[in-house]
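Residue strings, one per chain:
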Amino acid sequence: MPAAAAPSPLGVELRWMRKVAGMSGKQAAEKTGVSQVAISRWETGARHPDTEAVEALRSATTETVSAMLADDTLTGAERRRLKEAFDRLNSDDYKILLSRLVDEGATEVLSTFVITRTGLVERQEEIHRLEMQAYQIRHFQPLFAPGQLQTLEYARHLMLGYEKDPVKAEAAAEARVKRVKVIMKGPRPKYHVVLTESALDVTFKDAPPDVRHGLLKQIAEGARRPHITVQIMPRTRPYGLVPIGSFVIYDIGKDDSVVLADTFAAQVTFRSSRDVRQYDTFWEELVELALDPQESLDWLANAIRKSEGN
């Protein structure tokens, strides 16, 4: 089981707001229009709310505390405590604090250098834990074959591009293939990938010619499983948008998703609803643009036949 996330500074403030107003997690969820699970994850730091959600909770808390101050039966100490909370909730300084905490925690950047130095095996394990929390994974991959469907041979050569030590690269490849086995087994999480034709043409220095053939067969095998959807983006398809890198959307619960996007030098994690919605839009356009699942299976079968003679 993954370790529990440490409460973030924003999570501490969200919990304080709810507690000072005497609200349960369920009541806070009803007032802000999200699930009770979302409230709990915000407070523990497992997930990150956007600005609108935080402001909704602050506003609901302020209204509740204001109503509590109208109670004539309050003791002097209780009234002072609530008045101090009310003044803090309404102050510009507190609003600025909340805004800053939202901006600081909504996006995380992990450089490729740090990933390599920390260890590629450890990174594979971190991603595996995220995958196991998701009920659905949506993946766009324009650069190379998706990690969730790679063969050991393909993963081995790919890892050598990040780690020159062959022993460490082999360990990272084996850690990735453990993830592959879990995804292939199913039925959870569901896995849906859109990948470009160009991504399947990537070759590696000193790799045997049958690496691509084995990879295509593995992807086709996955595509025939009920919990896995594969869509191919042919080179001839005109793009309505210009995706500049790969991204993965991990859908964990209602109104609870995490996006992991790759750049040349870093992996960027987006947690705010605002950013996730933007990637939702990208995803919908890419799915519409790609071959449908049956056409993609046909494409893969044809590519496998062509690769058999190589």
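Here is what the cut-offs are and how they apply
Residues numbered from 1 in each chain as written. Predicted model: local features only at pLDDT ≥ 70, side-chain atom pairs only at ≥ 80, totals over all residues. Heavy atoms only, no water. Helix = DSSP H or I, 4+ residues; strand = E, 2+ residues; numbered from the N terminus. Buried < 20%, exposed > 50% of the residue type's maximum accessible area, 1.4 Å probe, protein only. Lys, Arg positive; Asp, Glu negative; His and termini not counted. Salt bridge = Lys/Arg side-chain N within 4 Å of Asp/Glu carboxyl O. Contact = heavy atoms within 4.5 Å. Polar contact = N/O pair within 3.5 Å; in protein donor to acceptor, adjacent residues only side chain to side chain. Axes fitted to C-alpha atoms, helices over the stretch in contact; angles between N-to-C directions. Parallel < 35°, antiparallel > 145°, perpendicular 65-115°, else oblique. Arc of directions from axis to C-beta. Pairing = 2+ DSSP bridges. Left-handed = near helix turned anticlockwise from the far one by under 90°. Nonpolar A, V, L, I, M, F, W, Y, C, P; charged D, E, K, R; others polar.

Asker: Please give an account of the side chain of R176 that cites residues and values.
Answerer: With respect to the element layout, R176 can be found in helix α10 (residues 166-185). In this structure R176 is buried but unpaired, with D262 as the nearest side chain of opposite charge at 7.5 Å. Setting aside chain neighbours within four positions, we find R176 in contact with Q124, G147, Q150, A155, L158 and M159.

Asker: Give me the environment of T64: which residues, what numbers.
Answerer: Relative to the assigned elements, T64 resides in helix α4 (residues 51-69). Sequence-distant contacts of T64, that is, excluding residues within four places in its chain, are made with A21, M23 and K31. A distance of 2.9 Å separates a polar atom in the side chain of T64 from the backbone oxygen of A60.

Asker: I'd like a rundown of the packing of helix α1 (residues 9-20) against helix α3 (residues 36-44), residues and numbers included.
Answerer: Closest axis-to-axis distance for the α1/α3 pair is 6 Å, and the angle between their directions is 125°. Relative to α3, the element α1 lies oblique. For the pair α1 and α3, the contacting residues are G11, V12, L14, R15 and R18 in the first and I39, W42 and E43 in the second.

Asker: Give me helix α2 (residues 25-32): which residues, what numbers.
Answerer: Taken residue by residue, α2 has G25, A28, A29 and T32 as its buried positions. Down the axis, α2 shows its buried residues gathered within 100° of arc, on one side only. Among the exposed residues of α2, those pointing more than 90 degrees away from its buried face are K26 and E30. Immediately beyond the C-terminal end of α2, within one or two residues, lies G33, with a positive phi of roughly 75°.

Asker: So what's going on with the pattern of salt bridges? Residues and values would help.
Answerer: The final tally for this structure, using the stated rule, is 16 salt bridges. A salt bridge links D201 to R235; the shortest N-O distance between them is 1.8 Å. Of this pair, D201 sits in the loop between β3 (190-196) and α11 (211-223) while R235 is found in the loop between β4 (228-233) and β5 (247-253), placing the two residues 34 residues apart along the sequence. Classification of R235 by relative accessible area gives partly exposed; the value is 48%. It is possible to trace a salt-bridge network through shared partners that takes in E197, D201, R212 and R235.

Asker: Residues and numbers for the sheet that holds strand β7 (residues 266-270), please.
Answerer: Read from one edge of the open sheet, seven strands run β1-β7-β6-β5-β2-β3-β4, paired in mixed fashion. Each edge of the sheet is formed by a strand with only one pairing partner; in this case those strands are β1 (107-111) and β4. With strand direction ignored, the average angle separating the axes of adjacent strands in the sheet is 15°. The pairing of strand β2 (residues 136-141) with β5 spans five bridges and is classified as antiparallel. Paired with H139 across the bridge in β5 is V248.

Asker: Outline the packing of α1 against helix α6 (residues 92-106), supporting the account with residue identities and numerical values.
Answerer: Geometrically, a packed helix pair is captured by the angle between its two axes and the distance between the axes. Between α1 and α6, the least distance of the axes is 9 Å, while the angle of their chain directions is 135°. Judged by the inter-axis angle, α1 sits oblique to α6. Classified by chirality, the crossing of α6 by α1 is left-handed. When α1 is examined against α6, the residues P9, L10, E13, W16 and M17 are found in contact with a partner set consisting of Y94, L97, L98, L101 and V102. Here the residues of the contact of α1 with α6 sort into nine nonpolar, no polar and one charged.

These values are about where atoms sit, not about what they do.
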